[in-house]
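Listed below are the residues making up each chain.
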Amino acid sequence: MIDTVCQHIDVENFRNITAASVTFTEGVNLLHGDNAQGKTNLLEAVYFTALGKSFRPVKEAELIRFGEESAHVVNRFSDSVRAQSLSVRLFAGRGRRVVEQNGMKVGKMSDMVGAFRVVLFCPEHLSLIQGGPELRRSYLNVALSQLRPLYLQSLQRYSKLLKERNALLKRAPEDMATFKATEPMWSAQLAHEAAIITIHRARYVRQVNDHVKACFSDMMTKYEGGDELPELTYQPTLGSDWLREREGDPSLFTDERRLEERYLELLTTRHDREIGAGATLWGIHKDDVRIHLNGRPARLYASQGQQRSLALAMKLAEGWVSAYESGGDMPVFLFDDVLSELDVHRRDYLVRQMRGRQVIMTACDPAAADFGGAVNLIHVDGGRYTQKEREV
């Protein structure tokens with residue numbers, strides 16, 4: 001059963017799109033055409049209405065078509081309860097936004113995050129295992145921001161506090177008096193938000209871990225005959241000795257007060273190192289997700305195929321946890337040219353898992369959407385979109 005469905009999107013002056021009005025079907029929707037024609041740009045517009053930001057490293061002003069004063073995206077979607085709409089208009093210059101949900105103005109874009117949920121899978125995510133910790137932190141932040149408003153609020157406060165504290169550390173050698181007078185305030189607030197975020201992240205990783213184990217085992221059994229067992233654990237920067245002393249304590253990542261006290265201890269007793277670095281060295285901005293395979297670091301010992309299977313399992317698990325946390329409504333899956341990066345076995349597995357769910361994907365070849373049913377083909381040429389449904 002399909003629950004969350006992006007039914008229609010209107011786009012104006014977004015990236016290379018002058019004006020587009022595209023209808024999506026409940027199953028597979030394939031944006032196909034040559035490179036640099038606007039396939040990913042439309043996918044990016046859909047994503048933008050879910051998270052209020054791009055999945056590409058760009059400034060917001062770059063989302064507005066060159067030479068234009070504003071861009072506008074309207075997403076009409078439905079869930080298991082009702083039909084809804086999200087509208088975002090961006091303005092050049094000061095970066096002002098006008099955001100509406102179901103025709104009513106919303107104060108901040110972050111206030112509507114979670115109304116329309118997506119899971120994005122792009123080639124970069126195939127590096128979730130091999131890549132740096134920032135990729136895995138981003139994986140957690142994107143998923144949790146759509147599920148838990150309190151998490152997003154804490155994350156936003158933490159980012160602002162971290163910026164202020166880092167600026168204070170950089171100025172400390174020339175202005176130690178100000179540092180000593182104000183650092184306790186910044187550290188206390190930072191420790192409080194860090195504790196909240198750690199609890200959310202640790203719980204989410206435990207949820208994802210169960211799904212990753214089942215999914216990875218299924219893939220290995222069907223295609224490679226292996227019996228490797230993956231294990232995902234949250235790895236906060238609380239100090240290895242401190243964590244080792246509390247290993248096996250079921251309340252370790254649920255006791256907000258204890259976590260806050262530990263973060264505050266780290267932030268207030270190691271100033272010399274932080275002033276030397278000019279940056280905050282402890283906190284959730286340094287955390288990671290540890291991924292092991294049969295007890296060994298997957299980053300070092302897993303084959304490339306195993307690493308890709310783990311990454312695929314993590315993205316599928318993101319969708320399953322999203323549905324569970326949202327009362328059963330599956331999110332919309334966005335695939336940006338990812339099928340071409342998978343071998344035939346993993347592609348076949350992904351295709352089977354997506355049956356009965358809405359998928360919006362990009363590819364150069366229209367034959368890429370071999371999902372065994374009706375496909376909404378959308379040909380993309382220079383920011384123009386032509387639709388045609390076919391059976392595959």
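Residue positions within a chain follow its written sequence, with the count starting from 1. The predicted origin of the model limits local features to residues at a pLDDT of at least 70 and limits the giving and counting of side-chain atom pairs to 80 or more, whereas totals for whole chains, interfaces and linings rest on all residues. Where side-chain values are given, they derive from all heavy atoms of the structure, hydrogens and water being excluded.

Participant: Could you give an account of the sheet that holds strand β9 (residues 230-235), with specific residues and numbers?
Facilitator: The rule for pairing is simple: two strands pair if DSSP sees at least two bridges between them. Helix and strand assignments come from DSSP, with helices taken as H or I runs of at least 4 residues and strands as E runs of at least 2, each series counted from the N terminus. Strand order in this open sheet of 3 strands is β9-β10-β11, and the pairing throughout is antiparallel. Edge positions in the sheet fall to β9 and β11 (296-297), since each has one partner strand and no second. As paired strands, strand β10 (residues 288-293) and β11 are joined by 2 bridges and run antiparallel to one another. Opposite L293, over in β11, you have R296 as the bridge partner. It only takes one pair of heavy atoms within 4.5 Å for two residues to be counted as in contact. The convention used is that axes are lines fitted to C-alpha atoms, helices contributing only their stretch in contact, and that angles between N-to-C directions extend from 0 to 180 degrees. Across the sheet, helix α2 (residues 133-147) touches β9 and β10, and the angle it forms with β10 is around 105°.

Participant: Describe in detail the pairing of strand β1 (residues 5-14), supporting the description with residues and values.
Facilitator: The side chains of a regular strand alternate, first on one face of the sheet and then on the other. In this scheme, a residue with accessible area under 20% of its type's maximum is buried, one over 50% is exposed, and one in between is partly exposed, where area comes from a 1.4 Å probe on protein chains only. In terms of burial, β1 is a largely internal element, 7 of the 10 residues being buried. Relative to strand β4 (residues 70-78), β1 is paired through 7 bridges, and the arrangement is antiparallel. Each residue of the ladder has a partner; that of E12, found in β4, is H72. Relative to strand β2 (residues 17-23), β1 runs antiparallel, the two being bridged by 6 bridges. Pairing of E12 across the sheet is with A19, part of β2. Following β1, the chain reverses through 2 residues before pairing antiparallel with β2; R15 in that reversal takes a positive phi of roughly 55°.

Participant: Any chance you could break down the packing of aromatic side chains for me, citing the residues and the numbers?
Facilitator: Working definition: a ring pair exists when centres of Phe, Tyr or Trp rings (six-membered ring for Trp) sit within 6.5 Å. Plane angles under 30 degrees give stacked, over 60 give edge-to-face, the rest tilted. Considering all chains together, one arrives at 5 aromatic pairs under this definition. Centroid distance F121 to F335: 6.2 Å. Interplanar angle 80°. Geometry classified as edge-to-face. Residue F121 is found in strand β8 (residues 118-121), and its partner F335 is found in strand β12 (residues 332-336); the two are separated by 214 residues along the sequence. Side by side, F121 and F335 carry an identical accessibility label, which is buried. Whether a charge sits over a ring comes down to the Lys NZ or Arg CZ being within 6 Å of the ring centre and within 35 degrees of the ring normal. Between R96 and the ring centre of F91, over which it is positioned, the NZ or CZ distance is 4.2 Å. Taking NZ or CZ as reference, R270 lies 5.5 Å from the ring centre of W282, over its face.

Participant: Could you give me a rundown of the pattern of salt bridges, with the residues and numbers involved?
Facilitator: In the sections that follow, a salt bridge refers to a side-chain nitrogen of Lys or Arg positioned within 4 Å of a carboxyl oxygen of Asp or Glu. Applying the stated criterion across every chain, the model contains 21 salt bridges. Taking the shortest distance from any N to any O, the salt bridge between R157 and E193 comes out at 2.9 Å. With a gap of 36 residues between them, R157 in helix α3 (residues 149-171) and E193 in helix α4 (residues 176-223) connect regions that are remote in the sequence. Look at R157 and you get partly exposed, because its relative accessible area is 38%. Residue E231 is joined to K213 by a salt bridge in which the shortest nitrogen-to-oxygen separation is 3.0 Å. Here E231, found in strand β9, pairs with K213, found in helix α4; they are 18 residues apart in sequence, far enough to count as distant. Judged by relative accessible area, which is 25%, K213 ranks as partly exposed. Several salt bridges converge on common partners, so that one network encompasses R15, E44 and R56.

Participant: Could you give me a rundown of the nonpolar core, with the residues and numbers involved?
Facilitator: For the purposes of this section, nonpolar cores are sets of buried Ala, Val, Leu, Ile, Met, Phe, Trp, Tyr and Cys residues that join through side-chain atoms within 4.5 Å. The biggest cluster of nonpolar side chains holds 77 residues, and the ones touching the most others in it are Y204, F335 and L350. Top contributing element to this core by residue count: α4, with 16 residues. Those residues in contact with Y204 that sit more than four places away from it in its chain are Y139, L140, A143, L144, L147, E318 and V321. One finds V11, A71, F77 and I360 within the second-largest nonpolar core, a separate group that totals 43 residues.

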